[in-house]
Amino acid sequence: MHAVLKNQYLVHEILKFLHQERQANITLPQSSLDAITSFTHLRELNADFTHESISITHSDLSKLAQLDQLSILDLNLRMFDWGPEKSESESESTSCSTLSFPQLEKLTITCKLDDAAKLLALTTFPILSSITLQSILPLTRRQLPPSTQWISFFKALRNSMPSNTLRELYLFPTNGLRHALHAPPAMQVHQGILFSEISKYVLPFNLVALSFAFPLLRSLSMGDLGQMLRYH
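Residues numbered from 1 in each chain as written. Predicted model: local features only at pLDDT ≥ 70, side-chain atom pairs only at ≥ 80, totals over all residues. Heavy atoms only, no water.

## A look at the overall build of the protein chain
Piece 1. In terms of helices and strands, the protein chain carries eight helices and 13 strands.
Piece 2. Out of the 232 residues in the protein chain, the part that is buried amounts to 42%.
Piece 3. By sequence separation, contacts in the protein chain at least 24 residues apart represent 80% of the contacts at least 6 residues apart.
Piece 4. Within the structure as shown, the protein chain displays about 12800 Å² of accessible surface, and the carbon and sulfur contribution to it stands at 52%. (Helix = DSSP H or I, 4+ residues; strand = E, 2+ residues; numbered from the N terminus. Buried < 20%, exposed > 50% of the residue type's maximum accessible area, 1.4 Å probe, protein only. Contact = heavy atoms within 4.5 Å. Areas by Shrake-Rupley, 256 points an atom, 1.4 Å probe, with all protein chains shown as cover.)

See below:
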């Protein structure tokens, strides 16, 4: 697990520790985020789990949500572990509870599309102003997520925060775990979605920056651009 921690006081203390102990690096335990969340004044966290067989659980997210000064969060991982699926007969008390990141202003996540939708559906962001999703997409047509997954993502996004706070929305596909936004295999396989399918979820936000990397978006017509201008 790779983690980057940014906090003035924290950086000072780590540098002092390294100087005293004459060590070149610190290895974080692989079992959980406990070592990270013990830094209660953390303001920025970049956690990369792509090189480990580690999944983030609802409990891990709950611990991150308790960092009440966290304003920037970047999660890069292969999978979330949401626990066993709940049947309709099970009570709501047995399902994952809603989380809140009250001070988070910038969120970047690299994960599967359905995990991103689930994360947003379970979380509220009262003051979030920027979100970047780098969606891990499969390489074959048979594994492609249906367009309904994209609709679920945008619905969850719309419901997770006030429409007037979000200012920047960036959506990029990744080819497997590689950050290759325009890889030829992905361009050939993914047909993307129509802007008209998601416009009612995107346009209500008071955005100043909107970025869709093809092939996520199938096409963008002059009519789509006109709709954006009329809405704002």
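So that's the structure; there's more coming.
## A short note on empty space enclosed by the protein
Piece 1. This structure, assessed with the given rule, holds one cavity of 30 Å³ or more.
Piece 2. Estimates place the volume of the largest cavity at around 40 Å³.
Piece 3. Every residue along the wall of the largest cavity is listed here: L61, L73, L75, F101, L104, L107, L119 and F125.
Piece 4. When its residues are assigned to classes, the lining of the largest cavity shows eight nonpolar, no polar and no charged. (1 Å grid on protein atoms, 1.4 Å probe; cavity = no way out; pocket = protein on both sides within 12 Å on 5 of 7 lines; lining within 4 Å. Points joined across faces, edges and corners; volume = space filled by probe spheres on them. Nonpolar A, V, L, I, M, F, W, Y, C, P; charged D, E, K, R; others polar.)

## Some points on the pairing of strand β7 (residues 106-112)
Piece 1. In terms of burial, β7 is largely enclosed, as five of its seven residues are buried.
Piece 2. In this sheet, β7 lies alongside strand β4 (residues 72-76) in parallel orientation, the contact comprising five bridges. Each residue of the ladder has a partner; that of D74, found in β7, is T108. (Pairing = 2+ DSSP bridges.)

## Some details on helix α5 (residues 147-159)
Piece 1. Between its terminal C-alpha atoms α5 stretches 19 Å, which fits the 18 Å expected from 13 residues at 1.5 Å a residue.
Piece 2. Of all the residues in α5, the buried ones are W150, I151, F153, F154, A156 and L157. (Expected span 1.5 Å × (residues − 1).)

## Quick word on the side chain of T165
Piece 1. In this structure, T165 sits in the loop between α5 and β10 (168-175).
Piece 2. One polar contact links the side chain of T165 to the main-chain carbonyl oxygen of L128, over a distance of 3.2 Å.
Piece 3. One polar contact links the side chain of T165 to the main-chain carbonyl oxygen of P162, over a distance of 3.0 Å.
Piece 4. Setting aside its immediate chain neighbours within four residues, T165 contacts P126, I127, L128 and S129. (Polar contact = N/O pair within 3.5 Å; in protein donor to acceptor, adjacent residues only side chain to side chain.)

## With respect to the nonpolar core
Piece 1. Membership of the largest hydrophobic core comes to 55 residues, with the highest contact counts inside it found for F153 and F154.
Piece 2. Take this core: its biggest share by element is six residues, from α5. (Core = buried A, V, L, I, M, F, W, Y, C linked by side-chain atoms within 4.5 Å.)

## Focus: the confidence of the model for the protein chain
Piece 1. In this model, the protein chain carries a mean pLDDT of 75, and residues with pLDDT of at least 70 account for 66%.
Piece 2. Predicted confidence in the protein chain is weakest over helix α1 (residues 8-21), with a mean pLDDT of 50, and strongest over strand β8 (residues 123-124), with 95.
Piece 3. Predicted confidence is poor over residues 88-94, with pLDDT under 50, and the contacts of this stretch with residues over four places away or in other chains come to two contacts.
Piece 4. The low-confidence segment residues 176-183 (pLDDT under 50) makes 19 contacts with residues lying over four places distant or belonging to another chain. (pLDDT = per-residue confidence, 0-100.)

## Observations concerning the packing of aromatic side chains
Piece 1. This model, assessed by the stated rule, comprises six aromatic pairs.
Piece 2. An angle of 10° between the planes, with centres 5.0 Å apart, marks the rings of F80 and W82 as stacked.
Piece 3. The class for F80 is buried, based on a relative accessible area of 7%.
Piece 4. Assessed through its relative accessible area of 16%, W82 is described here as buried. (Phe/Tyr/Trp six-rings, centres within 6.5 Å; stacked < 30°, edge-to-face > 60°.)

## A short note on helix α8 (residues 222-231)
Piece 1. Residues of α8 that are buried: D224, G226 and M228.
Piece 2. On its buried face, α8 is in contact with α7 (195-202), β12 (209-212) and β13 (217-219).

## Overview of the environment of L166
Piece 1. Relative to the helices and strands, L166 resides in the loop between α5 and β10.
Piece 2. In this structure, L166 is in contact with L128, S129, S130, I131, M161, F205, N206 and L207, ignoring residues within four places of it in sequence.

## A word on the packing of α5 against α7
Piece 1. Where α5 contacts α7, the axes come no closer than 9 Å and their chain directions differ by 15°. Considered as vectors, α5 and α7 are oriented roughly parallel to each other. You can see that α5 and α7 cross each other, and the crossing is right-handed. For the pair α5 and α7, contact is made by S147, I151, F154, K155 and R158 and by E197, I198, Y201 and V202, respectively.
Piece 2. Across the contact of α5 with α7, the residue classes tally to five nonpolar, one polar and three charged. (Axes fitted to C-alpha atoms, helices over the stretch in contact; angles between N-to-C directions. Parallel < 35°, antiparallel > 145°, perpendicular 65-115°, else oblique. Left-handed = near helix turned anticlockwise from the far one by under 90°.)

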